[in-house]
Amino acid sequence: MYIHDLSCDWMTHPFVRNRFLISSEDEIRKIINAGIHDVVIDNNKGLDVQDAPSLDEAQAATEREIVEIVAKAPVITRVSLGEEMKRAVQIRHQASTLVRTVMQDARLGKAIELDQVQPVVQNITESILRNPGALVGLLRIKNKDDYTFLHSVSVCTLLVAFCRSRGFDPERTHQAGLGGLLHDTGKALVPDAILNKPGPLTDEEFAIIKRHPQDGYNILLQSPEIGPIPLDITLHHHERRDGSGYPNKQAGDGISELAQMAAIVDVYDAITADRCYHKGMSAAAALRKIYEWSKFHFNPQYAQEFMRCVGIYPVGTMVMLESGRLGVVIEPHETNLLAPKVNVFFNTKQNLYIKPETVDLSRGLGFGGGDKIVGHESPSKWNVDPMRFLTLA
C-alpha cells in the first residue's frame, strides 16, 4: 500500500518521508511502534482495502462531529479588536524578543531570569482577558526566521486562553502561561542546522530533537524560584496518552492535566504554521487532526474543550464567502461560532480589491449580513495580506 498520510504530527514519527510505498514488514512495525493507529492510503499508487471509508467520507463524518462540538461556545470580550490590536502588537514584539534572550542565555549556560519573564506572561494574560482574538490572530502569522520564538509565544497565549475557557484560577493560569512560554527552552541546545533543516530529519537528528524536553527541564531547574507547573509542561509536552510520546513514555492520566493541555496547544500551533518543510494548515483542518488524534494521543474531553476555545474560524482566518468575496475573521459570534463578523476586502470573481466593509454573518440580507462562509482560503494562493484588514480604518 502507498501511505499518503501517517495520521500524526511529524514530530512523533520516525520516517524520513510522510508519503511512501510500504516495502517491508519492518516499516509496518515502525508505524505501530510510533503509536500510529490509522493511516490514509492512496489506492492510485498502491493496493486498496475494501472496507475502509474514502478520505472524503471520513473527513465529512469528522467535520459533522466537529461542527456539533464547536458550534455553540460562549465568547466574552471586554474591548474591541481594534482597541486591543495596538497593545497586542507591542506584546507580541516584547514576548518574542524575551524568548530570543532566554534561548541565548540557555545556550550560554545562564539561568533563566524569571523576574523578566513573569511580567510578559502577565501582559499576555491581560490581553487575552480584554480580547483573545487580537493576540491569537496576530500570532497566526510567523515568518520562518522567528518561528521558534513566536511558537513559544503562541503556545503561551493559547494555553492561557485554554485555561481561561476552562475556568482555572489566575495563579494556575499564570503558571501554565509561564510553562507555555518556556516549554521549548531545551531547543536552545539543538543545532540550528537540525532545528531549521528544510528536509526530513534522519533518525540521529530526530533523536537529538527528542532530547529538548529533558534539556529544557534541566535548564529551568537552574532557576530556584521556578514552580512545578512550568517544569512539568516543559518536560512532558510531547507525552501522549497511549504511551507513544517522549521523553518518558508516560501514558493516560500519568500525564498531568496541564501537560496534556499543553500537548494539544503545542501540536495545534505547530501544524497551523508555515515551516521551511511544511505548509501550515487551516484552523479547521488542524482541529480535524486534533480531533482524530484524540482517540489515542490526547484526552478527548480536553481536545473538544480546546476546539470550543479556538473555534473553527479564529480571528485572523481568511475565508471565502458564498458571494465570492474574501474576508478576514475579526470577531466570533457570542453563541454561534460558524457565523463570525468578517471584514471583506477582495472580490475573487473580478480579481480586485474592494472597499473593505464588515459583514456580520449572523445577520440576514439588508442587516449587515446575508452571506456565509464556504471555506478557508490561503493568503498565498491569492497573494493578499489579510492581516492588513483585521481592523477597518
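Residues numbered from 1 in each chain as written. Predicted model: local features only at pLDDT ≥ 70, side-chain atom pairs only at ≥ 80, totals over all residues. Heavy atoms only, no water.

K.L.:
How would you sum up the overall build of the protein chain? Please name residues and give values.
P.N.:
The helix and strand inventory of the protein chain stands at 15 helices and eight strands. Compactness check: the protein chain gives a C-alpha radius of gyration of 21 Å against a globular reference of 21 Å for 393 residues, within 12% of the reference. The proportion of buried residues among the 393 residues of the protein chain is 52%. A total accessible area of about 18100 Å² is found for the protein chain, and carbon and sulfur atoms account for 51% of it. Counting 42 positive and 49 negative side-chain charges, the protein chain places the averaged centre of each group 5 Å from the other. (Helix = DSSP H or I, 4+ residues; strand = E, 2+ residues; numbered from the N terminus. Rg over C-alpha atoms; globule rule 2.2 N^0.38 Å. Buried < 20%, exposed > 50% of the residue type's maximum accessible area, 1.4 Å probe, protein only. Areas by Shrake-Rupley, 256 points an atom, 1.4 Å probe, with all protein chains shown as cover. Lys, Arg positive; Asp, Glu negative; His and termini not counted. Charge placed at Lys NZ, Arg CZ, Asp CG, Glu CD.)

K.L.:
Give me the lowdown on empty space enclosed by the protein, citing residues and values where you can.
P.N.:
Under the defined criterion, the tally for this structure stands at two cavities of 30 Å³ or more. Taken as a whole, the largest cavity encloses approximately 50 Å³ of empty space. E239, R240, R241, I255, A259, Q260, A263, H297, F298 and N299 are the residues that line the largest cavity. Tallied by class, residues from the lining of the largest cavity come to four nonpolar, three polar and three charged. For the second largest cavity, the calculated volume is near 30 Å³. Lining of the second largest cavity is provided by L98, T101, V102, D105, I112, E113, Q116 and V117. (1 Å grid on protein atoms, 1.4 Å probe; cavity = no way out; pocket = protein on both sides within 12 Å on 5 of 7 lines; lining within 4 Å. Points joined across faces, edges and corners; volume = space filled by probe spheres on them. Nonpolar A, V, L, I, M, F, W, Y, C, P; charged D, E, K, R; others polar.)

K.L.:
Outline the side chain of T272, listing residues and values.
P.N.:
Assignment of secondary structure puts T272 in helix α12 (residues 257-272). Note on T272: relative accessible area 17%, which makes it buried. In terms of polar contacts, T272 uses its side chain to reach the backbone carbonyl oxygen of D269, at 3.1 Å. Filtering out sequence-adjacent residues up to four positions away, T272 remains in contact with G280, M281, S282, A283 and A286. (Polar contact = N/O pair within 3.5 Å; in protein donor to acceptor, adjacent residues only side chain to side chain. Contact = heavy atoms within 4.5 Å.)

K.L.:
Could you give me a rundown of the packing of helix α6 (residues 147-165) against helix α7 (residues 170-182), with the residues and numbers involved?
P.N.:
Relative orientation of the contacting elements α6 and α7 amounts to 160 degrees, with a least axis distance of 7 Å. Of the possible angle classes, the one that applies to α6 and α7 is roughly antiparallel. Read as a crossing pair, α6 and α7 show a hand that is right-handed. Mapping the contact onto sequence places S152, V153, V155, C156, L159, V160 and C163 in α6 and T173, A176, G177, G180 and L181 in α7. Here the contact of α6 with α7 is built from residues that sort into eight nonpolar, four polar and no charged. (Axes fitted to C-alpha atoms, helices over the stretch in contact; angles between N-to-C directions. Parallel < 35°, antiparallel > 145°, perpendicular 65-115°, else oblique. Left-handed = near helix turned anticlockwise from the far one by under 90°.)

K.L.:
Now, about the nonpolar core: what can you tell me, with residues and values included?
P.N.:
Judged by nonpolar contacts, the single largest core of 91 residues is most densely connected at V117, L181, L182 and Y268. Counting residues per element, this core draws most heavily on α6, which supplies eleven residues. Setting aside residues up to four positions removed in sequence, L182 forms contacts with V102, I112, L114, V117, L220, I226 and T234. Among the nonpolar cores identified, the runner-up in size contains seven residues, and I194, L195, L201 and F206 belong to it. (Core = buried A, V, L, I, M, F, W, Y, C linked by side-chain atoms within 4.5 Å.)

K.L.:
Go over the confidence of the model for the protein chain with me, naming the residues and quoting the values.
P.N.:
Interpretation of the predicted coordinates at a detailed level should be avoided for regions scoring low in pLDDT. Counting all residues, the mean pLDDT for the protein chain is 88, and 93% of those residues have values of 70 or more. When pLDDT is averaged over each element of the protein chain, helix α11 (residues 228-236) comes out on top at 98 and helix α2 (residues 55-70) at the bottom at 71. (pLDDT = per-residue confidence, 0-100.)

K.L.:
Give me the pairing of strand β5 (residues 325-331): which residues, what numbers.
P.N.:
For β5, the tally of buried residues reaches six of seven residues, placing the bulk of the element in the interior. Taken together, the three bridges between strand β4 (residues 318-321) and β5 define a ladder with antiparallel strand orientation. Paired with M318 across the two strands is V328, which belongs to β5. As judged from the six bridges shared by β5 and strand β6 (residues 341-347), these two strands associate in the antiparallel manner. In the strand pairing of β6, R325 is matched with N347. (Pairing = 2+ DSSP bridges.)

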